Each structure stands twice: as C-alpha cells, then as structure tokens.
Amino acid sequence: MKAPRVTLDQWRTLQAVVDHGGFAQAAEALHRSQSSVSYTVARMQDQLGVPLLRIDGRKAVLTEAGEVLLRRSRQLVKNASQLEDLAHHMEQGWEAEVRLVVDAAYPNARLVRALTAFMPQSRGCRVRLREEVLSGVEEVLLEGVADLAISGFSIPGYLGNEMSKVEFVAVAHPGHTLHQLQRELNFQDLESQLQVVIRDSGRNQPRDVGWLGAEQRWTVGSLATAAAFVSSGLGFAWLPRHIIEREIQEGVLKILPLDKGGSRHPTFYLYSSKDKPLGPATQILIELIQSFDTAPLDAPFPAPQQML
C-alpha cells in the first residue's frame, strides 16, 4: 500500500483555515505563525496536485475539489483521534473488547437497552455477543473465551449475580389435536404427540431440560425454528413467553391447558470470567445489564447517543 503524501496535521490545518475563516484566524487557533499555516496548505496543494483554496477578495474559499476532500478528511481526522483515544484508554486498563455470551432464551430487548446505554460510555470498546443454548453458555465461559455470561444454570465454581426469571409456557397451534380435546390436559395426553425441543449447543455435557416424555421428539437448533414449527401446527413445545407473545396474541399459538407444569420460570444469572480481572468497560456493562434486567419488555427503546 502506497504511503500517504499528506499528513493528518496538514488536514487539520486546512480544516482550521476553513472553520475559522482564514489563515490568520487559523494560526491563532492552532498557536502557530500565519506563515507556517500558509506554507502547510500550499505544500499540501502541491503534494495533491489539486487546488484546494482560491482567494475571493481577502478570504480563502474552498474550490469544488477542496470541498469534497475536506468533507472526506473530517472523518479521517475523527477516526485518527478516536484511535489515539482508544490507545490511551487501553494504556489505562480500558478494554479493547468485551466478550459476552448469552443463553438464547434471555430477552433480547433487555440486552439491546443495556448495550444502547453502554455505547456512549464505551470509549471505542467493542462488544462481541455470542448466543448459545443451555450448557453451551457454561462451556464457552469455562473455555475462557467469554468475559461475561448470562445463563439459566448455576455454574459450579462461579458466583453469579441473580437476575430475573424467564417464563416458559407449553404451547401448540389452536388447531392441534391437544386443543381439540377441549379439556384440561395431563402428561398422558402429551405422550402420544410430537414434542419439539431445542438442541443444547454444548458439546461436552449437553443437558436435557424440561419434560421429555413424548414418544416422538424432534430436535431443532434454535428457539425461532421451534416457534415456527409449532406455529405451523407441527407438535407442541415449551417456549419463552416473550419470544412468542405476538403469536399468542394473534392466535397463531395457544397455551396448553395442562393440569400442572404448563409453565416454568428458571432464574437467570450473570457470571464473569475468573481468568482475568474485570476492566472498567466490563464493570460498566455489568451494571447496565443488571439495571435493565427488570425493565418492562414493552418499554420504548432509548435513542442511541453518539460517542464524544
């Protein structure tokens, strides 16, 4: 890649001339001599081979090419400034990235609110979000490739911060055979029907959760796929209520009238890695996740703020 002929300092100088209305004003703002500013801009035009400014009376005015290049240069200078700030923050212990692994059953709406609030405080810190199912969350945390984890399991050897519960309900399409019985159901009614379950994404010690007594059982890879199958009339399943609330309201899915066990409410926990101390960005994100954990799922989303 060819090295750039024009430096960031030259672009900053041109911006100052335009923003402050002339060479003298730019020199005063930059604490430099006027001759130095004039030479910098003249040298810059020679290097680019394109006139950037023209003299209109006693004022320097951008040429058409100058307007285009100046507009592009503002983003260049901004990116360079943010890069320098990030290096400074990293020197002070600020993380370049936070890795977050979340059980797919945890409400996305709460995560979005927390991450939206985190963005203006992130100082360039990236978030790498990964979704897993059941023991897959624990496995990723134990492998040391996550800084934070949200799981519906108690993970041995870790002290998690207790969070909210997630409601799972047994549902089927309104036209399903189980609903046609038009009475309270028991587990014997379920045994002869197709149950749709979600595959545990963990590889080492996958877990089975919930009632699995149906003679026929189909396993799918995601909650969304399970909801699509059941909504089409294929089987029944226990699914997180917040994921299928719209389908329930629209009559695409209907809660099964079980005499017991029709819903369950596992508690979720927030864990942090034991492999390294928590940095300031990770600590801020923890506080935000906890503060938005109890927010109503139908609350309006805050507009993201721009980083300073």
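From a predicted model like this one, the values you see are computed outputs, not experimental measurements. (Residues numbered from 1 in each chain as written. Predicted model: local features only at pLDDT ≥ 70, side-chain atom pairs only at ≥ 80, totals over all residues. Heavy atoms only, no water.)

Further remarks concern the domain arrangement of the chain. Interfaces are often sized by the amount of accessible area the parts lose when they come together. You can read the domains of the chain as domain 1 (8–92), domain 2 (97–165 + 267–293) and domain 3 (168–264). Computed over C-alpha atoms only, the centres of domain 1 and domain 2 are separated by 43 Å. (Domains from an automatic or database assignment.)

In this section: the sheet that holds strand S4 (residues 126–132). Here five strands make up an open sheet; going across it, the order is S4-S3-S5-S13-S6 and the pairing mixed. Either end of the sheet is taken by a strand with one partner, and the two such strands are S4 and strand S6 (161–165). Taken pair by pair, the neighbouring strands of this sheet meet at an average axis angle of 20 degrees, ignoring direction. Relative to strand S13 (residues 267–272), S6 runs antiparallel, the two being bridged by three bridges. Bridge pairing in S13 links Asn-161 to Leu-270. The strands touched by helix H5 (residues 108–118) within the sheet are strand S3 (97–103), S4, strand S5 (148–151) and S6, with S4 carrying the most contacts at an inclination of about 170 degrees. (Pairing = 2+ DSSP bridges. Helix = DSSP H or I, 4+ residues; strand = E, 2+ residues; numbered from the N terminus. Axes fitted to C-alpha atoms, helices over the stretch in contact; angles between N-to-C directions. Contact = heavy atoms within 4.5 Å.)

Moving on: the environment of Ala-226. Position of Ala-226 relative to the elements: it lies in helix H9 (residues 223–231). Between the C-alpha atoms of Ala-226 and Ile-198, which are 28 residues apart in sequence, the distance is 6.9 Å. If we ignore the near neighbours within four places in the chain, the residues touching Ala-226 are Val-196, Ile-198, Val-220 and Leu-239.

Position of Ser-164 relative to the elements: it lies in strand S6. When its relative accessible area of 14% is taken as the criterion, Ser-164 is described as buried. A distance of 3.0 Å separates polar atoms of two side chains, one belonging to Ser-164 and the other to Arg-110. Setting aside residues no more than four positions away along its own chain, Ser-164 makes contact with Tyr-106, Arg-110, Pro-266, Thr-267, Phe-268 and Asp-293. (Buried < 20%, exposed > 50% of the residue type's maximum accessible area, 1.4 Å probe, protein only. Polar contact = N/O pair within 3.5 Å; in protein donor to acceptor, adjacent residues only side chain to side chain.)

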